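Spelled out from the first residue to the last, the chains are:
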Amino acid sequence: MKKRILIIGACGQIGTELTNFLREKHGSHKVIASDIREGDDELMESGPFEVLDAMDYDAVQDVVINYEITDVYLMAAMLSATAEKFPMKAWNLNMDSLFNILNLAKEGKVNKVFWPSSIAVFGATTPKQDTPQRTVMEPSTVYGISKQTGERWCEYYNKRFGVDVRSIRYPGIVSYKTLPGGGTTDYAIDIFHKALKHQNYICFLNAETTLPMMYMEDAIRATVGIMEADEADIKIRSSYNLAAMSFNPEEISESIKKHIPNFEISYQPDFRQDIADSWPSSINDSAARDDWGWQHRYALDEMTEEMLENLKGEYA
Ligand code: AKB
């Protein structure tokens, strides 16, 4: 059967780069981008696009059938910080969109589903260092609760109905092409823009807040990698832990100072500090490495170099 991919949430931080990557790999016409509203010119001109509300089952079904979609990447979600401001909106978006796709797959209208989970599934009672794949999970954020619930449903649909759903628990993702919106880890992107523009940054997390992070190129390879793995190799159907690096605001600012020596960081923690404090500092992802061969490439200094190199033109 010929592969036809639908990306829901194609204009978001990960969706944009995933769309570009998959269009280059499979050809533009094989990858249908969709989002609640149109994206930038580059995305709109690079292949088919549908304005699509991920919560509208009939509309999603129409797109799936009209384009003979085989694989869906469901990237639409409300992230941790925004979800705390709009709890019910976040719950409805994050859950309804997932059920729509799981049900289409259960009915045999879609073959394979990618759904992103997050380190937000963990909570303050989870071991903070080298957090295991299977451990205590008591998330305290709306976003984390929705992701943990989603994981349970993914596993249920796989075991009960044979739905081929695959998932990874993203750490904070750092990228230069599209800005993220409403996450707790977003500081790790904003800091590069402010370093280039003003040579200083006021951080909304404190200096010692160490969180798991990943450069976008690694995140895209992981996302496509798990979808291309043999079905038998995907032994975990809730979601895989995934890791690349961990750092705190002080460490990323030291890394930036190697290129911008007069860069200064100061700290004004806000409500996002509590969210970050409930998440792990580092993740054990040996299951992903053993089961489907995950390997990261980027560590902090390499990521810093790439970010500054790619963003400097914007502030020249
Ligand atoms: C967020 O900060 O909400 C996200 C995440 C860790 O899932 N980047």
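Residues numbered from 1 in each chain as written. Predicted model: local features only at pLDDT ≥ 70, side-chain atom pairs only at ≥ 80, totals over all residues. Heavy atoms only, no water.

Within an unreviewed UniProt entry, the label attached to the protein chain reads NAD-dependent epimerase, and the organism entered is Marixanthomonas spongiae. As its UniProt record puts it under Sequence similarities (unreviewed entry), the protein chain is described as follows: "Belongs to the NAD(P)-dependent epimerase/dehydratase family." (UniProt positions renumbered as here; feature names shortened; annotations may be inferred.)

Draft legend 1. Quick look at the UniProt feature "domain: NAD-dependent epimerase/dehydratase" (unreviewed entry) in the protein chain. The feature "domain: NAD-dependent epimerase/dehydratase" (unreviewed entry), as annotated in UniProt, sits at residues 5-234 in this numbering. The span residues 5-234 is 43% helix and 17% strand, and its two end C-alpha atoms sit 20 Å from each other. (Helix = DSSP H or I, 4+ residues; strand = E, 2+ residues; numbered from the N terminus.)

Draft legend 2. Spatial organisation of the nonpolar core. By size, the foremost hydrophobic cluster in this structure holds 43 residues, and its most contacted members are Tyr187, Phe192, Phe247, Ile252 and Met303. Both of domain 1 (5-171 + 214-241) and domain 2 (175-213 + 244-282 + 299-315) provide at least three residues apiece to this core. Once you skip the residues sitting within four places of it in the chain, Phe192 turns out to touch Val174, Ile252, Ile256, Met303, Thr304, Met307, Leu308 and Leu311. Core analysis: the second largest hydrophobic core is formed by 34 residues, Ala10, Val224, Ala229 and Tyr240 among them. (Core = buried A, V, L, I, M, F, W, Y, C linked by side-chain atoms within 4.5 Å. Buried < 20%, exposed > 50% of the residue type's maximum accessible area, 1.4 Å probe, protein only. Domains from an automatic or database assignment. Contact = heavy atoms within 4.5 Å.)

Draft legend 3. Local environment of the domain arrangement of the protein chain. Segmenting the protein chain into domains produces domain 1 (5-171 + 214-241) and domain 2 (175-213 + 244-282 + 299-315). Put simply, the middle of domain 1 and the middle of domain 2, counted by C-alpha atoms, are 25 Å apart. Taken together, the contact pairs 27 residues of domain 1 with 29 residues of domain 2. Carbon and sulfur atoms supply 59% of the area that domain 1 and domain 2 bury against each other, a total of about 2300 Å² over both sides. Ranking the residues of domain 1 by area buried against domain 2 places Gln13, Lys128 and Tyr215 at the top, with a combined share of 29%. Remark: the boundary between domain 1 and domain 2 carries zero salt bridges. In this structure, the connection of domain 1 to domain 2 is made through 14 residue pairs in polar contact (both at pLDDT 80 or more). Sorting the residues of the side of domain 1 that touches domain 2 by element identifies α1 (13-26), α4 (80-85), β11 (211-215) and α8 (216-228) as the ones contributing at least two each. The dominant element in the side of domain 1 that touches domain 2, judged by the number of residues it contributes, is α4, at five residues. Grouping the constituent residues of the side of domain 1 that touches domain 2 by class yields eleven nonpolar, ten polar and six charged. (Buried area = accessible area lost by both parts, 1.4 Å probe. Salt bridge = Lys/Arg side-chain N within 4 Å of Asp/Glu carboxyl O. Polar contact = N/O pair within 3.5 Å; in protein donor to acceptor, adjacent residues only side chain to side chain. Nonpolar A, V, L, I, M, F, W, Y, C, P; charged D, E, K, R; others polar.)

Draft legend 4. Broad picture of the sheet that holds strand β7 (residues 164-166). Within the open sheet, the six strands sit side by side as β3-β2-β1-β4-β5-β7. Their pairing is parallel. Looking along the sheet, the strands with just one partner apiece sit at the ends: β3 (49-51) and β7. Neighbour-to-neighbour, the strand axes of this sheet turn through a mean angle of 20°, independent of strand direction. Strand direction decides the pairing type here: strand β1 (residues 5-8) and strand β4 (residues 71-74), joined by four bridges, are parallel. Within the sheet, the bridge partner assigned to Ile5 lies in β4 and is Asp71. Along the sheet, helix α5 (residues 87-106) contacts β1, β4, β5 (112-114) and β7; its crossing angle with β4, the most-contacted strand, is approximately 170°. (Pairing = 2+ DSSP bridges. Axes fitted to C-alpha atoms, helices over the stretch in contact; angles between N-to-C directions.)

Draft legend 5. How the structure looks around the packing of α5 against helix α6 (residues 142-161). At their nearest, the axes of α5 and α6 sit 10 Å apart, and the two run at 15° to each other. Here α5 is positioned roughly parallel relative to α6, judged by the angle of their axes. The two elements α5 and α6 cross, and the hand of that crossing is right-handed. Listed contacts from α6 to Pro87, Ala90, Trp91, Asn94, Met95, Leu98, Phe99, Leu102, Asn103 and Lys106 of α5 are Val142, Tyr143, Ile145, Ser146, Thr149, Gly150, Trp153, Cys154, Tyr157 and Phe161. Looking at side-chain class alone, the contact of α5 with α6 contains 14 nonpolar, five polar and one charged residues. (Parallel < 35°, antiparallel > 145°, perpendicular 65-115°, else oblique. Left-handed = near helix turned anticlockwise from the far one by under 90°.)

Draft legend 6. View of the site of the ligand. Close to the ligand lie Leu79, Ser80, Ser118, Ile119, Tyr143, Gly183, Thr184, Thr185 and Trp279. Between an oxygen atom of the ligand and a side-chain N or O atom of Tyr143, the distance comes to 2.8 Å. Between the ligand and Thr185 there is a distance of 2.9 Å, counted from a nitrogen atom to a side-chain nitrogen or oxygen. Burial of the ligand by the protein chains amounts to 93% of its free accessible area of 260 Å². Counting contributing residues, the shell around the ligand receives three or more from each of domain 1 (5-171 + 214-241) and domain 2 (175-213 + 244-282 + 299-315). (Near = heavy atom within 4 Å. Areas by Shrake-Rupley, 256 points an atom, 1.4 Å probe, with all protein chains shown as cover.)

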